[in-house]
Structures are given as C-alpha cells and as structure tokens.
Amino acid sequence: IMDKWMRKIFLYLDRYHVKAKNLPTLHEASLDKFKLLVFERVKEPFVQAMLDAVNKEREGELVDADLFKECVTVFCAMGPKLEVYTKELEEPFLQQSRE
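Residues numbered from 1 in each chain as written. Predicted model: local features only at pLDDT ≥ 70, side-chain atom pairs only at ≥ 80, totals over all residues. Heavy atoms only, no water.

Caption draft 1: Examining the overall build of the protein chain more closely. The helix and strand tally for the protein chain stands at five helices and zero strands. Walking the protein chain from its N terminus toward its C terminus, one meets helices and strands in the order α-α-α-α-α. Against the 2.2 N^0.38 benchmark of 13 Å for 99 residues, the protein chain shows a C-alpha radius of gyration of 17 Å, more extended than a compact globule. Structurally, the protein chain occupies a C-alpha span of about 55 × 25 × 20 Å along its principal axes. Taking all 99 residues of the protein chain together, 18% fall into the buried category. Within the protein chain, counting contacts between residues at least 6 apart in sequence, those at least 24 apart form 53% of the total. For the protein chain, the accessible area works out to roughly 7900 Å², and carbon and sulfur atoms hold 59% of it. Considering the protein chain, the positive charge centre built from 16 side chains and the negative charge centre built from 18 side chains are found 10 Å apart. (Helix = DSSP H or I, 4+ residues; strand = E, 2+ residues; numbered from the N terminus. Rg over C-alpha atoms; globule rule 2.2 N^0.38 Å. Buried < 20%, exposed > 50% of the residue type's maximum accessible area, 1.4 Å probe, protein only. Contact = heavy atoms within 4.5 Å. Areas by Shrake-Rupley, 256 points an atom, 1.4 Å probe, with all protein chains shown as cover. Lys, Arg positive; Asp, Glu negative; His and termini not counted. Charge placed at Lys NZ, Arg CZ, Asp CG, Glu CD.)

Caption draft 2: View of the nonpolar core. In terms of nonpolar packing, the biggest core is built from nine residues, these being Phe39, Val47, Met50, Leu51, Cys71, Phe75, Met78, Val84 and Leu89. Elements supplying a minimum of two residues to this core: helix H3 (26-58), helix H4 (65-77) and helix H5 (83-98). Counting residues per element, this core draws most heavily on H3, which supplies four residues. (Core = buried A, V, L, I, M, F, W, Y, C linked by side-chain atoms within 4.5 Å.)

Caption draft 3: View of the packing of H3 against H4. Across the interface, H3 lies against H4 with an axial gap of 10 Å and an inter-helix angle of 140 degrees. Overall, the two elements H3 and H4 adopt an arrangement that is oblique. H3 and H4 meet at a crossing whose hand is left-handed. From H3, Leu31, Phe34, Phe39, Phe46, Val47, Met50, Ala53 and Val54 reach across to H4, where they touch Phe68, Cys71, Val72, Val74, Phe75 and Ala77. Split by residue class, the contact of H3 with H4 holds 14 nonpolar, no polar and no charged. (Axes fitted to C-alpha atoms, helices over the stretch in contact; angles between N-to-C directions. Parallel < 35°, antiparallel > 145°, perpendicular 65-115°, else oblique. Left-handed = near helix turned anticlockwise from the far one by under 90°. Nonpolar A, V, L, I, M, F, W, Y, C, P; charged D, E, K, R; others polar.)

Caption draft 4: A nonpolar patch on the surface, seen in detail. Taken together, Met2, Met6, Ile9, Phe10, Tyr12, Leu13 and Tyr16 make up a surface patch of nonpolar side chains, about 760 Å² in accessible area. Broken down by secondary-structure element, the contributors of at least two residues to the nonpolar patch are helix H1 (2-9) and helix H2 (11-21). Along the polypeptide, Phe10 turns up in the loop between H1 and H2. Classification of Phe10 by relative accessible area gives partly exposed; the value is 34%. (Patch = residues over 30% accessible without salt bridge, like charges linked within 9 Å, V, L, I, M, F, W, Y side chains within 5 Å. Salt bridge = Lys/Arg side-chain N within 4 Å of Asp/Glu carboxyl O.)

Caption draft 5: The arrangement of the packing of aromatic side chains in detail. For the structure on display, the rule yields two aromatic pairs. Ring plane angle 80 degrees and centroid distance 5.1 Å describe the contact between Phe39 and Phe75, whose orientation is recorded as edge-to-face. In this pair, Phe39 is assigned in helix H3 and Phe75 in helix H4, connecting sequence segments 36 residues apart. Each of the two residues, Phe39 as well as Phe75, counts as buried. Arranged with centres 5.3 Å apart and planes meeting at 15 degrees, the rings of Phe46 and Phe75 form a pair that is stacked. With Phe46 in helix H3 and Phe75 in helix H4, the pair connects residues that are 29 residues apart, well separated along the chain. For Phe75, a relative accessible area of 0% translates into the label buried. Connected via pairs of aromatic rings, a cluster forms that spans Phe39, Phe46 and Phe75. (Phe/Tyr/Trp six-rings, centres within 6.5 Å; stacked < 30°, edge-to-face > 60°.)

Put into structure tokens, the structure is as follows:
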C-alpha cells in the first residue's frame, strides 16, 4: 500500500529525473529493497506455512483462499518471469505433492 502511494507522490521524479539519470524507478528500487531486507529473510518459513495450509485444506480444514492467493502474488512479484515463484514455491509444492 505504501509503495502505491509513494509512486503516486513521486511520479514526477520517476517520469523525468529518474529517466534522465538512468536510475531505477521508485517501484523497482522499493521492490529490490523489500526482496533483500524482508523477503529473503522470511521466504523459508513463508513457504512452509503455505505448504502447511495446502496440507490442511487437503485434510478438509478450511483455509483462507484469498490470503493464499495474496501470498502467491508476493512470490510472483519477486522476480522476472516467475523465476522466484517457480524455484521457491512451485518446486517445493510439487515435491510435497509427490510424497
């Protein structure tokens, strides 16, 4: 949410100053920092919690599908062409499904 508002506020800088100086946009810079400072530190327990939720649903328990979808969206946003999603979430999910 904060990133969205910051982008609106700094839209002028992104359009003119950042392009003129060949710098990353505010969105790109904030996403890089989020990935480095937050995502890399929590991704393993994050993945495990998602896999646990899948198991619970398979056992008949109710899980928050909207929250699960938002969690998947985070993985999709972390890298180009779904590389982070594929490596960090899809592969463990498929491995667990085989077991």
